[in-house]
Amino acid sequence: MYSLAELADRLGLAFTGDAHKTIKGLATLEEAGPDDLAFLANPKYASQLAGSHAGAVILAPEQATDCPVACLLSDTPYLTFARASQLFNQSPPPVQGIHDSATVSPEAQLHPDVCVAANAVVEAGAVLGAGVIIGAGVYVGHGCRLGAGSRVYPNAVLYHDVHMGENCVIHAQAVLGADGFGYAQGPQGWEKICQLGGVRLGNGVEIGANTTVDRGTLGHTVIDDGAIIDNLVQIAHNCRIGKNTAIAGCTGLAGSTIIGANCTLAGGVGVVGHVEICDNVHLTGMTMVTRSITSPGSYSSGTPMGSTGEWKRNAVRFSQLDAIQRRLAALEKQVKHQT
Amino acid sequence: MYSLAELADRLGLAFTGDAHKTIKGLATLEEAGPDDLAFLANPKYASQLAGSHAGAVILAPEQATDCPVACLLSDTPYLTFARASQLFNQSPPPVQGIHDSATVSPEAQLHPDVCVAANAVVEAGAVLGAGVIIGAGVYVGHGCRLGAGSRVYPNAVLYHDVHMGENCVIHAQAVLGADGFGYAQGPQGWEKICQLGGVRLGNGVEIGANTTVDRGTLGHTVIDDGAIIDNLVQIAHNCRIGKNTAIAGCTGLAGSTIIGANCTLAGGVGVVGHVEICDNVHLTGMTMVTRSITSPGSYSSGTPMGSTGEWKRNAVRFSQLDAIQRRLAALEKQVKHQT
Amino acid sequence: MYSLAELADRLGLAFTGDAHKTIKGLATLEEAGPDDLAFLANPKYASQLAGSHAGAVILAPEQATDCPVACLLSDTPYLTFARASQLFNQSPPPVQGIHDSATVSPEAQLHPDVCVAANAVVEAGAVLGAGVIIGAGVYVGHGCRLGAGSRVYPNAVLYHDVHMGENCVIHAQAVLGADGFGYAQGPQGWEKICQLGGVRLGNGVEIGANTTVDRGTLGHTVIDDGAIIDNLVQIAHNCRIGKNTAIAGCTGLAGSTIIGANCTLAGGVGVVGHVEICDNVHLTGMTMVTRSITSPGSYSSGTPMGSTGEWKRNAVRFSQLDAIQRRLAALEKQVKHQT
C-alpha cells in the first residue's frame, strides 16, 4: 500500500492528482478499481482511458489530458509498469538459513546469508554466494557455483559443474547440466559420448520451469548475461545464447547452435544444430530454422491455418508444387511460341 | 476379480452368458484371454469379434448376435470400457496420514483425512481438503488450496496462490504457478514484470506430467471444470481454458490465450498470445494458430510429409509461390488476349 | 591423465609419436592444447589438422601423414572418440549405500551394492539390481524393477510397475509411468480410462531430462534395447520404440505409435497415434507424421524459412494452392484448344 506521492517518488516520476491517494494494487486499465494503479502502454487500449475507474494511471505525458483520474507521467509506461509490479510483489519471502532436512556437504561453501529450504541437497565443492535462495527439494551438484542473489525454485536439478552469475532465476523442475545427446555408432549400437563440459550462465539469466540446458560435450554450454528463457525449452549441448536474447516456450535448439545477442525466438521454434544466428534476429512462432541467419530481421516458416477441409485440398497441392511449377513453365513456353 | 453378473451389476448393464463366469482383467479384443473382459467400440475392429477368445465383450446390443462369447450390452461401449477400467485399477493405495519426513507448516490447514507422503512440503496458509493426496517430494506453496479428493503426484510443484477445485489430478513434475514470461525492455536489457496473479483450476481438472501452467500477471490463469491437459504442455500467464476442453501433449499456448469449452487440441499445437478460440473447435496436430477462431469446426495447418528428396523439391517451390501465382496471372491475361 | 601408450592400449589402437607423452584431457581439433587429445572424424575439419596444437589426434591411418603431432590410428575415429571420452569422465562418483534421509520400504528388494541418495523414496515391491544408483529425491514406485547398473538422476519419478533392464540411464525430472491420456466422453464430460499397463524398457536405454513415457492403457508402453531418447520428449501410452532407435528433443509420439528399430527422429517431430513406422526410417526435424511409413528412408515436412515479409506473401498463396492448380489446369486446357 502506497500513497500516490510515494509511488511517484519510488518510480522517479512526476504525477497529477491527490498526493495522499492510497494505491493498494495493480490492475489493467479495464479492470482497475479506485484503489488500483493501471497503465496505458499500448495505444490500442487508449479508448479505455476515458471510462477507467482506476485510482491512478501510468501513462505518457501527452495522454494525461485525456485521463479522468490521477496520473503517473512516464516516457516509458510499460517499463514503469514493470518496475511498479515489483513494488506490489506478494510472493512469500524465503525462510532464512538452512532447513534441518536439507543435506549440505561440509565441503560446500555457503555464504552466511543463504536460504536452503527443506530437503534440498548441496554437494561437495558447491559455492553459494550472498543471498542465494535454494528452494525445497533442489539438487545442487558437485562444484556448482551460484552468484550472489541467484534463486533456484523447488525441485530444480543442477548437475555437477553448473555455474551461474549473480541474480539468476531458475524455475521449478528446470534441469541444468544433464548429458548432451551425444553418441557414436558402434558395432552393437549407440555408444555414449561422455559429456565432459559444463553449463555457464551469465548474470541475470532466467530459466523457465521444466526447461533443460544440457552440459557441453567438450567445452561448455553458455547463456550470456540477461538472456531470458521460458518454460519447456530445450537447449542442447554446446549451444551459446547471446546477451539479452529471449526464447519463448516449447522452443528447441539442437547441439552447437549459436544465437546472437538481442534476439527473440517466439514459441515452438526449432533450430537445427551447428548453425549460427546473428544478433537482432526475430523468429516468429514455430519457425523451423535449418540454416544460419546472417542478417538481422524477422524470419518465419510454416503455413497458415485453414479449416481442415480447405487445408487438406491445399496441402495435397503442396505435394505437387514442383510439378505445378513445371506445368506452368511448359505452358509459358507454349504460349510464347504461339505468339 | 468379478463374476460376470457382478460386473454387469456394477456397470448397470444387461448381459448374456454365464452369470458366474470369472473375469480377472481387461484386454483388447485381439489379446483378451478367457479370463479377460474385452470391448468393441470402434467398428474397424468388428472383424476381430468372431475370433475373440475373451471371457466377455462389452458391445452394442446389435452386435451381440455376432459375438461368440458372453456379452455386456452397452449403448456406449467405449464409455462402459472407461468405467470398467476403474474396476480393475491396480494402482497402489496411498498411505494415510502425514509421513514423518514431510515438512508441513503449522499454519497450513489439513483435513484429518489427507495423505502427505515422504519429503513433501506444505507451506503456511495452504488448505488441503478431505481425501487430498500429496505425493512424495511435492511442494505446495503458501496459500494454495486443494479441494476434496484432489491428488498431486510425486515431485510436482505448486508455487504460492494456486487453487484447485475437487477431484483434480496433477501428475509428476507438473509446475503450477511459475512466473509468466513477462518483461519490459529497459535501458540495460529486460526488466522483469512481477507476476502478481495466481492459478485457478476448477473441479475435475487433470494436468499431465511435466506440464507447466504459469501464474497470471494481473489476475489469474484459469482452467475450467473438467478440462484435461496432457504431458509437456505449456500454458502461459493469463490463459483461460474452457470447460471440458482437452489439450494433447507438447502443445504450447502463449500468454492471454482464451480457449472455449469442449475444444480438442491435438498434440504439438501452438497458439499465439491474445487470441480467442470459440467453443467446440478442434485443432489437428501441430496446427499453428495465429488468429482468433470464431466458428466451431476443425482447423489445421502444415504440409504433408514426403520423402526428403521429393519434399525438398516442393519446399523450394513454396518459397516461389507468390512468383508462381504472378506468373500464372500474367499467363492468364496473355492467353485471354490471344483469344 | 594418461600416457599416449596407455591410451592406445586402453583403446586398442596403434599410435605414432612419443609413448610417454602425457594426455590430460579431450578437446576439439581447433581448441586442443599440447596436453589434449583431439580427434578428426568429419572430413570438413581436415584442414584444421595441419595447424593443430593438440598433444595427439585420433584419426584414420590414411590421414596420419598429414598430422603434425602424435596420432592414435583408428578406422572409426568418432567411435574411438566416444570411447576415449569415457576415460576422461570427471563426473563425481555416487556415494555408496543408502542415505539416512532416504525412505526405503522394507518390502523393497535392494542388492547390497546399490546407492540410494538423499530423500529418495523406494516403495514396496521395488527391486534394485547390483550397482543401481538412485539419485537424490528420486521416487521409485511400487513394483518397479531396475536391472543391474541402471542409474536414475535426481528427482526423476517412476510410477508403479515400471521395469527397466540393465545399464539404463534416466535423467533428472523424467517421468516414467504417468497415466496415458485416455478418456471417454460421458454425459457430463470426460471420464477417465484407468491406465492398467506399465512401462517396459530394455537394456541400455537412455531417457533424457524432463522426458515423459506414459504407462500403457492395456498392456505396456515398450522401449527396446539400446534406444536413446533425448530431453522433453513425450512418449504416449502403448507406444513401442524399436531397438537402437534415437529420438531427439521436443518430439512427441501420440498413443499406440509403433516405431521400428534403428530409426532416427530429429527434434520436434510429431507422430499421430496408431501409425507404424518401419525400421531404418529417418525423420528430419519438425516433421509431422500423419500416416504409417512402410519403406525405409528419409522423410520430411514443413516449409523453408524466409524473411517474414517474403514468407507472408508465399503463405497467403498456400491458402490458394488448390485454386492455383485449378486455374493452371483450366489454362492448360484453353491453350491446348487454341493450338
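Please refer to the structure higher up on the page.
All of these numbers come straight from a predicted model, not from anything done at the bench.

A. Up close: the overall build of chain A. The helix and strand inventory of chain A stands at four helices and 40 strands. Here the C-alpha radius of gyration of chain A, 26 Å, is well above what a compact globule of 339 residues would show, namely 20 Å. Judged by the C-alpha coordinates and their principal axes, chain A covers about 85 × 65 × 35 Å. A total of 339 residues make up chain A; the buried ones form 59% of that total. When the accessible area of chain A is evaluated, it comes to approximately 12800 Å², of which 51% is carbon and sulfur surface. Side chains of chain A give 20 positive and 28 negative charges; the mean places of these two sets differ by 14 Å.

B. A look at the relation of the copies chain A and chain B. Least-squares fitting of chain A to chain B yields an RMSD of 0.1 Å, with the transformation described by 0.0 Å of translation along the axis and a rotation of 120°. Accordingly, the operation relating the two chain copies is best matched by a three-fold axis.

C. View of the pairing of strand β39 (residues 297-300) of chain A. Bridge count between strand β37 (residues 281-283) of chain A and β39(A): three bridges; the pairing is parallel. If you follow A:Val281 over to β39(A), its bridge partner there is A:Gly297. Sheet analysis places β39(A) next to strand β40 (residues 306-307) of chain C, joined by two bridges and oriented antiparallel. Bridge pairing in β40(C) places A:Tyr299 opposite C:Ser307.

D. Inspection of the environment of C:Leu283 at higher detail. On the secondary structure map, C:Leu283 appears in strand β37 (residues 281-283). By relative accessible area, which is 0% here, C:Leu283 ends up buried. When the C-alpha atoms of C:Leu283 and C:Tyr299 are compared, they prove to be 5.0 Å apart, with 16 residues separating the residues in sequence. Those residues in contact with C:Leu283, other than ones at most four positions away along the chain, are B:Met305, C:Thr264, C:Leu265, C:Ala266, C:Val269, C:Ile277, C:Val289, C:Ile293 and C:Tyr299.

E. Structural context of the pairing of strand β7 (residues 70-73) of chain C. Residues and elements named next belong to chain C. Sheet topology places strand β2 (residues 14-16) next to β7; three bridges connect them, and they run antiparallel. Residue pairing for β7: Thr16 is matched across the bridge by Cys71. One ladder, built from four bridges, connects strand β6 (residues 56-59) with β7; its direction is parallel. When the bridges of β7 are listed, Ala56 appears paired with Ala70.

F. Spotlight on the sheet that holds strand β14 (residues 133-134) of chain A. The 12 strands lie next to each other as β8(A)-β11(A)-β14(A)-β17(A)-β20(A)-β25(A)-β28(A)-β31(A)-β34(A)-β37(A)-β39(A)-β40(C), forming an open sheet whose pairing is mixed. Every other strand in the sheet has two partners, leaving β8 (97-98) of chain A together with β40 of chain C as the edge strands with one partner each. Sheet topology note: the strand β11 (residues 115-116) of chain A/β14(A) ladder contains two bridges and is parallel. Bridging from a neighbouring strand, A:Cys115 pairs with A:Ile133 of β14(A).

G. Structural detail: the interface of chain C and chain B. On the side of chain B, 69 residues touch chain C, which itself brings 74 residues to the contact. For the pair chain C and chain B, the summed buried surface comes to about 5800 Å²; carbon and sulfur atoms form 63% of the total. Across the chain C-chain B interface, the total number found is four salt bridges. The partner of C:Arg317 in a salt bridge is B:Asp322, with the nearest N and O atoms 2.7 Å apart. There are 31 residue pairs in polar contact (both at pLDDT 80 or more) connecting chain C and chain B. Of all elements in the fold, only β22 (183-186), β23 (189-192), β38 (288-289), β39 (297-300), α3 (308-318) and α4 (321-338) of chain C reach the threshold of two or more residues within the side of chain C that touches chain B. Element by element, the count of residues in the side of chain C that touches chain B is highest for α4(C), at eight residues. Classifying every residue of the side of chain C that touches chain B by side-chain character gives 34 nonpolar, 32 polar and eight charged.

H. Looking closely at the packing of aromatic side chains. Taken as a whole and judged by the stated rule, the model has 21 aromatic pairs over all chains. Taking the centre distance of 5.2 Å and the plane angle of 80° together, the rings of B:Phe181 and B:Tyr183 count as edge-to-face. For B:Tyr183, a relative accessible area of 10% translates into the label buried. A centroid spacing of 5.3 Å and a plane angle of 80° characterise the contact between C:Tyr2 and C:Phe88, whose relative ring orientation is edge-to-face. In this pair, C:Tyr2 sits in strand β1 (residues 2-3) while C:Phe88 sits in the loop between α2 (77-87) and β8 (97-98), placing the two residues 86 residues apart along the sequence. Accessibility classification places C:Tyr2 together with C:Phe88 in one group, the buried group. Clustering of aromatic rings is evident, with ring pairs tying together A:Phe39, A:Tyr78 and A:Phe81.

Cut-offs used in this document
- Residue indices begin from 1 for each chain and proceed along its sequence in written order.
- The lettering of chains begins at A and the numbering of ligands begins at 1, in the order of writing.
- In keeping with the predicted nature of the model, local features appear solely for residues at pLDDT of at least 70, side-chain atom pairs appear and are counted solely at 80 or more, and the whole-chain, interface and lining totals rest on all residues.
- Neither water nor hydrogens contribute to the side-chain values; these are computed over all heavy atoms in the structure.
- Each helix is a run of DSSP H or I of at least 4 residues and each strand a run of E of at least 2, with the numbering of both proceeding from the N terminus.
- Restricting the calculation to C-alpha atoms gives the radius of gyration, and the globule rule supplies 2.2 Å times the number of residues raised to the power 0.38.
- The cut-offs for exposure are 20% and 50% of the maximum accessible area for each residue type, with area from a 1.4 Å probe on protein chains only; residues under the lower value are buried, those over the upper are exposed, and the others partly exposed.
- Here the Shrake-Rupley method, with its probe set to 1.4 Å, supplies the accessible areas, and only the displayed protein chains count as covering residues.
- Lys and Arg are tallied as positive, Asp and Glu as negative. Neither His nor the chain termini are counted.
- By convention, the charge on Lys lies at NZ, on Arg at CZ, on Asp at CG and on Glu at CD.
- Our superposition of the copies is a least-squares fit, built on the C-alpha atoms of residues whose pLDDT is at least 70 in both.
- Paired strands, in this sense, are two strands between which DSSP finds at least two bridges.
- Contacts are residue-level and defined by heavy atoms, with any inter-residue pair within 4.5 Å sufficient.
- Accessible-area loss on putting two parts together, using a 1.4 Å probe and summing over both, is the definition of buried area adopted here.
- Salt bridges, as used here, are contacts in which a Lys or Arg side-chain nitrogen is within 4 Å of a carboxyl oxygen on Asp or Glu.
- Nitrogen and oxygen atoms within 3.5 Å of one another constitute a polar contact, given that in protein one can donate a hydrogen and the other can accept it, and given that sequence-neighbouring residues count only through two side-chain atoms.
- Under the grouping applied here, Gly and all other residues not named as nonpolar or charged are polar, the nonpolar ones being Ala, Val, Leu, Ile, Met, Phe, Trp, Tyr, Cys and Pro and the charged ones Asp, Glu, Lys and Arg.
- Whether two aromatic rings pair depends on their centres lying within 6.5 Å, for rings of Phe, Tyr and Trp, where Trp uses its six-membered ring; planes under 30 degrees apart make the pair stacked, over 60 edge-to-face, and the rest tilted.

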